[in-house]
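A look at the structure
Chain residues, written in single-letter form:
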Amino acid sequence: MQLDAKVPEGAIDEKWENHKFDVRLVNPNNKRKFKIIIVGTGLAGASAAATLGELGYNVEAFTFHDTARRAHSIAAQGGINAAKNYHNDGDSVFRLFYDTVKGGDYRSREANVYRLADASLAIIDQATAQGVPFAREYGGLLDNRSFGGAQVSRTFYSRGQTGQQLLLGAYSALMRQVEAGTVKVHTRAEMLDIVVKDGRAVGIVVRDLVTGEVTSHSAHAVVLATGGYSNVYYLSTNAMACNVTAIWRAHRKGAAFANPCYTQIHPTCIPASDEFQSKLTLMSESLRNDGRIWVPKNADDKRPPNQIPPEDRDYYLERIYPAFGNLVPRDVASRASKRMVDAGKGVGPLENGVYLDFATSIEREGKQTIEERYGNLFEMYNRITDENPYEVPMRIYPAPHYTMGGLWVDYNLMTTIPGLYAIGEANFSDHGANRLGASALMQGLADGYFVLPYTIGDYLADYLNTEPVPTDDPAFSEVRSEVDERVKGYLATHGSRSVDWFHKELGKIMLDQCGMSRSEAGLQKALSDIPALYEEFKSDVKVLGSDDSLNQSLERAARVEDFFELAQAMCVDALNREESCGGHFREEYQTEEGEALRDDENFTNVSAWEWSGDPANPTLNVEPLDFEYVKLTTRSYK
């Protein structure tokens, strides 16, 4: 496998403009001759479908939800970054670029990150024009707030529901194209495999989740916008339906999977309250703007938090990282909280959290101001915990959240399978080893609105006046037979344990051995335990019902099997990367102060894994990373 990133020549601020001029175009009359499939209708998928439809392409969008607007993008709460410099505090496109590369611990591709920072300006204009109700200052201008990993205010927000509002904007654009006839949306349809013919992507096979019908769909190009895979841990902040199947099935067909071990543990989640939970709830990172994080200085101090005076509190982020304080990047904040809990200073009934306290900001700003900024988040916390965060501190603890790994893509967002693109969280391209807060929405919309619509034409130009491969072609028949056999195999097992039991056991292994910290011994143990559990899954899983009706147990079985294979790739990748960087923290590689210790000589690269047929032994391909504009330095937030 050859990895050609196709990064243009020239200065960093000229690469994208030069590239847009150099790529081949498809004229407006010819665009209607092409058909494009998009899988996923979150911010990346909806914005891409809407834009490509507006350009005149024939688009078919697939979602397993009952409506496109239920995509997991709605769960993004805190905001979206853009280098508008409205606060006149020194922000710029280059500073956003710099902060993102640094925040990713120098493990991302410079050219892609600069393009993302540059596109941020247009994203805000686009969303505002769509009517997204961003918060505004007294004078009517759009407001900004701070986020982790930056010393400027560049995050645009809509209270604590920014993702939902942005998705409604993209959804309205998408529905406009549905009405115009350029986009067709298939709901309750899950992609179960991709079809490759003569080395290029030509379509997908999907299952109707209501009727069980398996159908084939062909196109000139396929775009995957299916999000991340943190549900491999079972307990995560992701919606329960989030899965890896689309991109993992593409990986099995030849798409390289890059940096699978780069998973982000978000520092501000409500701690688990018992072992029967099915998911965890994210509390927006924006809360760290006004909240102060602390634990009792004395591990034996069991007083209610409001009775612990300031002199007996350890505001540990402010103490350890004075320059950034509570706004250090997520990986740094998460590991610091873990150290506090591991030292016996955890709070709450299970002693598995730390405090996020708003008393100081309420005293300074007033309750009304805090309510205007975060009211819906405070209400959500109150409903879940039955505690009033206006009166007592929130309890938080890190939990699996975003995945920086994903399908390897070049500068055009094409995978190693020609004709197959991956956008948004489904690809690996922009965040390195740690995503800065408020950058997920930025990347999804940048890819969908402003990158893919330019680059996909360069590929399609070769197929002008050719029809998509017909769905009765043997390539489709073979894949459909594989899907049918796989589905019927789950129903024929007649085991004794539920799918969720296996998923939960897998999640425990992953969280313990490949979670917030990893070690050689732990990863080796995981690579022994996971295959054994996987074999047990294949022989003892129990899936009730049939394949010709709504069957959520059957849906989960297919997704969990893919998680078993992904989990092994994650552990192999983590074992191979003998350094600590961003969200990947190997216990053997840390400073005396417990900070991540990179190995720039050997690991300034992307690990792009190729499917070998054995999930525990993939083939490694490496893309070297060059840092010409942001020099490699030890990441410090002190």
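What counts and how
Residues numbered from 1 in each chain as written. Predicted model: local features only at pLDDT ≥ 70, side-chain atom pairs only at ≥ 80, totals over all residues. Heavy atoms only, no water. Helix = DSSP H or I, 4+ residues; strand = E, 2+ residues; numbered from the N terminus. Buried < 20%, exposed > 50% of the residue type's maximum accessible area, 1.4 Å probe, protein only. Contact = heavy atoms within 4.5 Å. Areas by Shrake-Rupley, 256 points an atom, 1.4 Å probe, with all protein chains shown as cover. Lys, Arg positive; Asp, Glu negative; His and termini not counted. Charge placed at Lys NZ, Arg CZ, Asp CG, Glu CD. Pairing = 2+ DSSP bridges. Axes fitted to C-alpha atoms, helices over the stretch in contact; angles between N-to-C directions. Domains from an automatic or database assignment. Buried area = accessible area lost by both parts, 1.4 Å probe. Salt bridge = Lys/Arg side-chain N within 4 Å of Asp/Glu carboxyl O. Polar contact = N/O pair within 3.5 Å; in protein donor to acceptor, adjacent residues only side chain to side chain. Nonpolar A, V, L, I, M, F, W, Y, C, P; charged D, E, K, R; others polar. Core = buried A, V, L, I, M, F, W, Y, C linked by side-chain atoms within 4.5 Å. Right-handed = clockwise from strand over helix to strand, strands pointing away. Expected span 1.5 Å × (residues − 1). Bend = angle between axes of the 7 residues up to and from the residue. Parallel < 35°, antiparallel > 145°, perpendicular 65-115°, else oblique.

**Examining the overall build of the chain**
When you go through the chain residue by residue, the secondary structure sums to 17 helices and 19 strands. Principal axes of the C-alpha set define a box for the chain whose edges measure 75 × 60 × 50 Å. Per-residue burial for the chain yields a buried fraction of 61% across its 638 residues. A fraction of 74% describes how many contacts in the chain between residues 6 or more apart in sequence connect residues 24 or more apart. When the accessible surface of the chain is totalled, it reaches about 24000 Å², and 47% of it is carbon and sulfur. Of the side-chain charges in the chain, 66 are positive and 89 negative, and the distance between the mean point of each set is 3 Å.

**A look at the sheet that holds strand β5 (residues 183-186)**
The sheet built from 5 strands is open, its strands ordered β5-β2-β1-β9-β17 with parallel pairing. The outermost strands of the open sheet, each flanked by one partner alone, are β5 and β17 (420-422). Here the strands of the sheet are splayed against their neighbours by 20 degrees on average, with no regard to which way each runs. Bridge analysis of strand β1 (residues 35-39) against strand β9 (residues 221-224) gives 4 bridges, and the strand direction is parallel. Within β9, the residue paired with I36 across the bridge is A221. Of the strands in this sheet, β1, β2 (58-62) and β5 are in contact with helix α3 (residues 43-55), which crosses β1 at around 165 degrees.

**Structural notes on the domain arrangement of the chain**
When the domains of the chain are assigned, the result is domain 1 (267-400) and domain 2 (474-598). Placing a centre on the C-alpha atoms of domain 1 and another on those of domain 2 gives a separation of 31 Å. Listed as interface residues are 11 residues of domain 1 and, on the opposing side, 10 residues of domain 2. Across the interface of domain 1 and domain 2, roughly 770 Å² is buried in total on both sides, 56% from carbon and sulfur atoms. The interface formed by domain 1 and domain 2 includes 0 salt bridges. Summed over the shared surface of domain 1 and domain 2, the result is 2 residue pairs in polar contact (both at pLDDT 80 or more). Broken down by element, the residue count for the side of domain 1 that touches domain 2 peaks at 5 residues, all from helix α9 (residues 330-345). For the side of domain 1 that touches domain 2, the per-class residue count stands at 5 nonpolar, 1 polar and 5 charged.

**Details of the nonpolar core**
Grouped together as the largest cluster of nonpolar side chains are 152 residues, with contacts concentrated most on I80, I456 and M510. When residues in this core are grouped by element, the largest group, 14 residues, is from helix α16 (residues 552-576). In contact with I456, other than residues within four places in its own chain, are I36, L52, Y57, A221, V223 and Y421. Counting residues in each nonpolar core, the second largest holds 32 residues, with M283, Y316, A336 and L356 among its members.

**What about the pattern of salt bridges?**
Within this structure, the stated rule accounts for 51 salt bridges. For R107, the salt bridge goes to D600, with nearest N and O atoms at 2.9 Å. Here R107 is found in the loop between α4 (93-103) and α5 (110-129), whereas its partner D600 is found in helix α17 (residues 600-603), with 493 residues between them in sequence. Taking the relative accessible area as the measure of exposure, D600 reaches 28% and is therefore partly exposed. For R249, the salt bridge is made with D562, and the minimal N-O distance between the two is 2.7 Å. With R249 in helix α7 (residues 245-252) and D562 in helix α16, this residue pair connects regions lying 313 residues apart in the sequence. Like R249, the residue D562 is buried in the burial classification. Among the ionic contacts, a cluster of salt bridges with common partners joins D105, R107, D331, R335, R577, E579, R598, D600 and R635.

**Considerations on the pairing of strand β6 (residues 189-197)**
In summary, the side chains of a regular strand alternate between the two faces of the sheet. The buried fraction of β6 amounts to 7 of the 9 residues, a majority that puts the element mostly inside the structure. Across 8 bridges, the pairing between β6 and strand β7 (residues 200-208) is antiparallel. Residue pairing for β7: A189 is matched across the bridge by D208.

**Structural notes on the pairing of β2**
With 4 of 5 residues buried, β2 is to be regarded as a mostly interior element. When β1 meets β2, the two strands line up parallel, connected through 5 bridges. Bridged to I37 within β2 is E60. Each parallel crossover has a hand, and for β1 linked through α3 to β2 it is right-handed.

**Topic: the sheet that holds strand β13 (residues 313-314)**
Sheet architecture is open: 5 strands sit in the order β11-β15-β14-β12-β13, paired in antiparallel fashion. Of all strands in the sheet, those with a lone pairing partner are β11 (263-269) and β13, marking the two edges. Where strand β12 (residues 292-296) and β13 come together, 2 bridges link them in antiparallel fashion. Bridging across to β13, P296 finds its partner in R313.

**A look at the side chain of E623**
Topologically, E623 is positioned in strand β19 (residues 619-624). Look at E623 and you get buried, because its relative accessible area is 7%. Engagement of the side chain of E623 in a polar contact is seen with the side chain of R109, the distance being 2.9 Å. A polar side-chain atom of E623 sits 2.8 Å from a polar atom in the side chain of W408. Those residues within four positions of E623 in sequence are excluded, and the remaining contacts are L3, A5, R109, W408, F428, N605 and V606.

**Re helix α11 (residues 367-385)**
Between its first and last C-alpha atoms α11 spans 20 Å; for 19 residues at 1.5 Å apiece the expected length is 27 Å, and the helix comes up short by more than 12%. The largest bend along α11 measures about 85 degrees and falls at Y374. On its buried face, α11 is in contact with α10 (359-365) and β15 (394-403).

**Some thoughts on the packing of helix α6 (residues 162-180) against helix α12 (residues 440-460)**
Relative to each other, α6 and α12 sit at 10 degrees, their axes nearing to 11 Å. Taken together, the axes of α6 and α12 are roughly parallel relative to one another. Packed against α6, whose contacting residues are T162, G163, L166, G169 and A170, the element α12 presents L441, L445 and Y449 at the interface. Considered class by class, the residues forming the contact of α6 with α12 number 5 nonpolar, 3 polar and no charged.

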